[in-house]
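Each chain, written out:
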Amino acid sequence: MSDDIRNIVLGAVAAGVGAALGWIARTYLWRRRLRRKQRFFGLPANSESLLVVDRKAGGDGAVHRNDVSALLELSALIKECGAHAEIVQHDTARQGFGERTEFCLGGPSSNRRMAAHLSSLLPGVRVNTDAEPVSERGAFRIGTDRYRAEPGVSEYVLLARLTAGEGARPVFLCCGQRSVTNQAATRYLARHHERLARKHGDGSFVLLLKVVNSEAYGPDVAELVAEVTRMARTPLPEPAPGSGPAGKTSSAKSTTRPADG
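Remember, predicted model here, so these are calculated numbers, not experimental data.

Chemist: Teacher, can you tell me more about unusual backbone geometry here?
Modeler: Glycine aside, the phi torsion of most residues is negative, and most peptide linkages are trans. For Asn-46, which is not a glycine, the phi torsion comes out positive at approximately 70°. Considering the arrangement of structural elements, one finds Asn-46 in the loop between helix 1 (3-41) and strand 1 (48-53). Classification of Asn-46 by relative accessible area gives exposed; the value is 59%.

Written out as structure tokens, the structure is:
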């Protein structure tokens, strides 16, 4: 065999070995990222998950188009994990939590299951479900702070990952003041789940997000106001006699800061 032929053969072999090693490295990194995503969402391959959605007001069982978009984004995440999803209406999801990963969308006024989760898992959160006055409709109380909605200008949504019991599958809550904020929370989760997993691991967290100018930008511009896990999980004190309904006595202002990305 001449030197030229030997060099060609050795070059081909080296290129083949390099390509194989590159493929192995890429496959290893892809599988590691997939395992991290599956662990964060509690969605091992072929597992089952639950998507709980509220009903559009006056819609006879219809789902708001923003919630449909949110469900599609969550379904894509679930499919990437190799898991399966079941979509149910809030008043038909009569089961406990922890057996299957659950994604629950909507505020407590239109989603009974969300109301139950807030009561049992986030006792430090109150959401004003009264129709009047309009300025207070949907206002959040978290600890001593209150967050009112300015429809189309600035609105708030809670994004939470919660677990109950060792080894239990997580419950993800997207509790917003309007349907567009629910979609903003799912989009934020889809975009930032890797960063959230690095920071919080398999633990619980509660984030307060502010959706900015949804009239113009829809659900795309969401800012992280604060992580409120401790306040949200600490039961609120009982209101003093004559102080009025809980969640309507304080008016602390929030300070916002942009989220990464």
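Chemist: For this particular structure, what's the right way to read the sheet that holds strand 2 (residues 84-89)?
Modeler: Within a sheet, adjacent strands bond to each other through the backbone by hydrogen bonds, running parallel or antiparallel. Taken in spatial order, the seven strands make up an open sheet running 2-1-3-8-7-9-10, and their pairing is mixed. For this open sheet the edge positions go to strand 2 and strand 10 (222-227), each flanked by a neighbour on one side alone. Recorded for the sheet is a direction-independent mean angle of 20° between the axes of neighbouring strands. Strand direction decides the pairing type here: strand 1 and strand 2, joined by six bridges, are parallel.

Chemist: I tried to follow the packing of aromatic side chains on my own but got confused; where do I start?
Modeler: The relation between two aromatic rings is expressed through the spacing of the ring centres and the mutual angle of the planes. One pass over the full model with this rule turns up seven aromatic pairs. With 6.3 Å between their ring centres and 45° between their planes, Phe-41 and Phe-103 make a pair best called tilted. With Phe-41 in helix 1 and Phe-103 in strand 3 (residues 101-105), this pair connects stretches of sequence that are 62 residues apart. Phe-103 matches Phe-41 in its accessibility class, with the two residues each being buried. Ring pairing ties together the aromatic residues Phe-40, Phe-41, Phe-103, Phe-172 and Phe-205, which thus form one cluster.

Chemist: Looking at this model, I keep getting lost on the sheet that holds strand 6 (residues 145-147). Mind explaining?
Modeler: With respect to topology, three strands assemble into an open sheet ordered 4-5-6, the strand pairing being antiparallel. In this open sheet, the two edge strands, each paired with only one partner strand, are strand 4 (125-127) and strand 6. Between one strand and the next, the sheet's axes are offset by a mean angle of 20°, whatever the strand orientation.

So, how was this worked out
- Residues numbered from 1 in each chain as written.
- Predicted model: local features only at pLDDT ≥ 70, side-chain atom pairs only at ≥ 80, totals over all residues.
- Heavy atoms only, no water.
- Helix = DSSP H or I, 4+ residues; strand = E, 2+ residues; numbered from the N terminus.
- Buried < 20%, exposed > 50% of the residue type's maximum accessible area, 1.4 Å probe, protein only.
- Pairing = 2+ DSSP bridges.
- Axes fitted to C-alpha atoms, helices over the stretch in contact; angles between N-to-C directions.
- Phe/Tyr/Trp six-rings, centres within 6.5 Å; stacked < 30°, edge-to-face > 60°.

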